[in-house]
Every structure is written in C-alpha cells, then in structure tokens.
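Notes for the structure review
What follows is the residue order along each chain.
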Amino acid sequence: MFTAPSAPALPRLPALDGVRVIGAAAVIAQHVGFITGVTTRETWGGWIAAMDFAVALFFVLSGFLLFRPWARAVATGSAMPGVRRFYWKRALRILPAYWLAVIVCLTVIPERGVAPLGDWLRHLTFTQIYERGQIRPGLGQTWSLATEVVLYLLLPLVAVALVGRRWRPVRTVALAGLGLVITMGWIAAMGMGLLDTGLHIMWFPSYGLWFAAGIVLATIHVAIRTSTAPRSWHVFDQLGSAPLACWGIAIGLLAVASTSVTGPRGVAAPTAGQFAAQLGLYAGVAVMVMIPLVFGPTTLMSLALGSAPIRWLGTLSYGMFLWHPLVLEMIYRVEGRAYFTGNPLRIYALTLGGAIVLAMVSYYVVERPVLRWGSTTVKRRAGRATKHQRAVTAASAAS
C-alpha cells in the first residue's frame, strides 16, 4: 500500500520571530499611548494610535505560517498536514497561557467583586467579543485572539478548498481573494447600518483581508521556491531585494494611517469608510514589512531580527501580548494614578519590563512544559501508528 511521503521540512525564516517582537512592542505602545492620553492629547499621538497596525502584522503572519504547510504539501506531492495534529498543536500553543491569564485577571482585577460566571465562561471560550461590553479589564487585547481562533478552526477546511488536489498556485491566489470580498461585504453591511461598527469590527469577517494576505504570500513563496510560479510573481523576489524601499512604503502608509482618515483616536467607533481605510492601509504595512524578510536575501536587519536574543523574545511575545494589560492596570492602581495621565516613556518601560517578566514565568512554568508534553504525546501516537501499519503490512504480505 502506497503512503504519501511527509512534506519536506519548510525553510526556517528566523527573522519572522523578530516580527512577533515588533508586533508585541507595538501593541504595548498603542495601549500605553491610550492610557497615558498621548494619543488624543499630543499632535504626534496619531503615530502612537497607529501602532495597532501590529494586529494586521500578527494576522498576516498567522495566515502565512499556518497555510504554508498545506501549500508546500500539494506543491511537492507530499502528505497533507494532519488535521487532528494541527488542532492539537494550536490548542497546546494557545490555551494554557491564555487560560492562565484569564484566571489571574478575573481573580485579581474583577470590576465588581467576584467576577460573575458569565465572564468566566465567555473569556474561557473566546466568546467575549460577540456581545457589547463583555471584555473585562486586563483582557481587552484578547478580542484579537478570539478573532484569530476562528481562523484556527476554519483553516484546515479552507486550506483544502484553496489548494485542491493539484497544485495550481494561480487558482489558489484567486480563491484567497475571497477574503477581500468577505471583508468588503462586511464593511458594506456596516455602512448600510446592518452591522454595528462598535461590535462587529471585532468579528472574523472584518479581517478576512488580512488573513488572506498572509495566505497569498505563503502561496507565492511556495510557488517561487518550488519553481512553479508564473514569471510575473518573481517581482516579489525583486521587491524583497529592496528592503529599504519596502519598509519606506510601510512607513509612508503608516503615516497616512496616523491621520483622521482611519477614524478617531479615542474610544469612539470609526465609520465604515474609516474602518475600510484602516484595514487597507494596515494590510499594506504588514505585507511590506514581511516581503523583504520572506523573499529577500540575508541582510543585517534580517540577521538582527533572527538573532538569538530576538528569537528568545519571540518565544515570549505571546506572553507579552497576554500579560501587558494586567501590568499596565496594576501600575495605575498601585500608584493611584488617574487614567490619561503619566509619563508615556516611563509607563512604557515599566509595562514592557513587567510583561517580559510575566511572559518568562508563563513560558517556562506553563507553556514550555505543556508543549514538551504535547510533543512527546504526538511522537508516542506516531510510533504506535507506525507499528500498527507495519503489522498490517506484514499480515498482508503473509497472506
């Protein structure tokens, strides 16, 4: 009986670990800028408000990294990634640290004494974004994780639909364009008043464009590296060879995003048009940041982003993302400081440092042991499956 070989190992792109660090640092900056008031008080506050481009960076990166194994498998005629293993690995990577953060935040900083059961259920199941006003202090950033979890649930089905049974990268890219269509339709519904911009901007269809952008980059990357890409796609290699130009474009797009074209800097919800502008601009920023690191040659910047210290911070970036709002909240409570006051640089340094410390505790005490246990479990299952297959083969040969 013929068994498809496993997909060849995907080339490591160490600089993408640095992208995670950039994203985590930017998210922290945006939240510090808001709570200290500089985003609404200072003329340069628009730049700080625009640091939430990091969400686009994370979503594009997720689309790229998670879809690439499916594209590579079909392009090389190898076995497709196992769906059960995919879900298992995602659960081990995301849930333990997230549940720990939820438990700590709902225990340490409940709004009205003991947090009600509904708060626990919504946050533990990633459903806090589906009703207004249900995200609790210290957990405001988890809206994006709740949105990304939908990608994890859908990806195996979507990936199989996009790649099909035969490697046709142009078709895959065209189908991935449905992500843009979904987002445009969602925004149109907001513009017509059918959806609430204060609530539905957190839901998955709003970000189909960003996830699709990562999927498109993954498809193009695999096609080029397996010599199956149309000639026109090699423009990405040319763009990757001009990192300063790409990052200059990213900065330019970010400058536009720092203006009122993307909506108010405070808590007021943007209009549908302003939200559409933000999505488009941030998508451009994220793609331009990634192109040199994915398609370009080795440079001093890619070496720096892929260096050991940055990769180490990259392993902590998820914890930094999870814990920094709690650190920020506790700084203001301990100091008895009113919101929208404080030195932003000092608060940022304290928040970043505290987030790194808690991320280290989370990673070394919870995340890494769970990941190692999960890896051992997968290897044991694979070993048992191999023994079973050998026994079946031997029995078939004997008969």
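What comes next is a walk through the structure. Predicted model only: the values in this text are computed from it and were never measured.

Procedures and definitions
Residues numbered from 1 in each chain as written. Predicted model: local features only at pLDDT ≥ 70, side-chain atom pairs only at ≥ 80, totals over all residues. Heavy atoms only, no water. Core = buried A, V, L, I, M, F, W, Y, C linked by side-chain atoms within 4.5 Å. Buried < 20%, exposed > 50% of the residue type's maximum accessible area, 1.4 Å probe, protein only. Contact = heavy atoms within 4.5 Å. Helix = DSSP H or I, 4+ residues; strand = E, 2+ residues; numbered from the N terminus. Polar contact = N/O pair within 3.5 Å; in protein donor to acceptor, adjacent residues only side chain to side chain. Expected span 1.5 Å × (residues − 1). Arc of directions from axis to C-beta. Salt bridge = Lys/Arg side-chain N within 4 Å of Asp/Glu carboxyl O. Patch = residues over 30% accessible without salt bridge, like charges linked within 9 Å, V, L, I, M, F, W, Y side chains within 5 Å. Areas by Shrake-Rupley, 256 points an atom, 1.4 Å probe, with all protein chains shown as cover. Axes fitted to C-alpha atoms, helices over the stretch in contact; angles between N-to-C directions. Parallel < 35°, antiparallel > 145°, perpendicular 65-115°, else oblique. Left-handed = near helix turned anticlockwise from the far one by under 90°.

**So, the nonpolar core**
Counting residues in hydrophobic clusters, the biggest one holds 102 residues, and the most contacted among them are Leu16, Tyr207, Trp210, Leu217, Met290 and Leu322. With sequence-adjacent residues up to four places away left out, tryptophan 210 is seen in contact with Val55, Ala56, Phe59, Val60, Gln278, Leu279, Tyr282 and Ala283. Core analysis: the next-biggest nonpolar cluster, separate from the first, contains 14 residues, Leu316, Met320, Ile331 and Tyr332 among them.

**Considerations on the side chain of glutamate 367**
Along the chain, glutamate 367 turns up in helix α16 (residues 344-398). Judged by relative accessible area, which is 3%, glutamate 367 ranks as buried. A polar contact is formed between the side chain of glutamate 367 and the side chain of serine 362, at a distance of 2.8 Å.

**Some words on helix α12 (residues 243-257)**
Taking 1.5 Å of rise per residue, the 15 residues of α12 would be expected to cover 21 Å, and the 21 Å separating its terminal C-alpha atoms lies within 8% of that figure. Restricting attention to buried positions, one finds in α12 the residues Pro243, Cys246, Trp247, Ala250, Leu254 and Ala257. For α12, the angular spread of buried residues about the axis comes to 90°, placing them on one side. Along its buried surface, α12 packs onto α3 (45-49), α4 (53-76), α11 (235-240), α13 (272-295) and α14 (300-305).

**Notes on the pattern of salt bridges**
On inspection of all chains with the given rule, the structure shows ten salt bridges. Residue aspartate 119 is joined to arginine 136 by a salt bridge in which the shortest nitrogen-to-oxygen separation is 2.8 Å. With a gap of 17 residues between them, aspartate 119 in helix α6 (residues 117-124) and arginine 136 in the loop between α6 and α7 (142-163) connect regions that are remote in the sequence. Summarising the burial analysis for this pair, aspartate 119 and arginine 136 share the class buried. In this structure, arginine 333 engages glutamate 329 in a salt bridge whose closest nitrogen and oxygen atoms are separated by 3.0 Å. Within this pair, arginine 333 and its partner glutamate 329 are both found in helix α15 (residues 308-335), separated by four residues, close to a single helical turn. Residue arginine 333 is classed as partly exposed on the basis of its relative accessible area of 44%. On the basis of relative accessible area, glutamate 329 is assigned to the buried category, the value being 10%. Several salt bridges converge on common partners, so that one network encompasses Asp119, Arg122 and Arg136.

**So, a nonpolar patch on the surface**
There is a patch of nonpolar side chains on the surface, built from Trp312, Val357, Met360, Val361, Tyr364 and Val365 and spanning about 510 Å² of accessible area. Among the elements that take part in the nonpolar patch, α16 stands out by supplying five residues, more than any other. As for its position among the elements, methionine 360 is in helix α16. Judged by relative accessible area, which is 31%, methionine 360 ranks as partly exposed.

**Remarks on the packing of helix α1 (residues 15-36) against α4**
Interaxial distance between α1 and α4 falls to 8 Å at its minimum, and their mutual angle equals 155°. The orientation of α1 relative to α4 falls into the category roughly antiparallel. The two elements α1 and α4 meet at a crossing, and its hand is left-handed. Taking contact as the criterion, the partners of Leu16, Val19, Arg20, Ile22, Gly23, Ala24, Ala26 and Val27 in α1 are, on α4, Phe53, Ala54, Leu57, Phe58, Leu61, Phe64 and Leu65.

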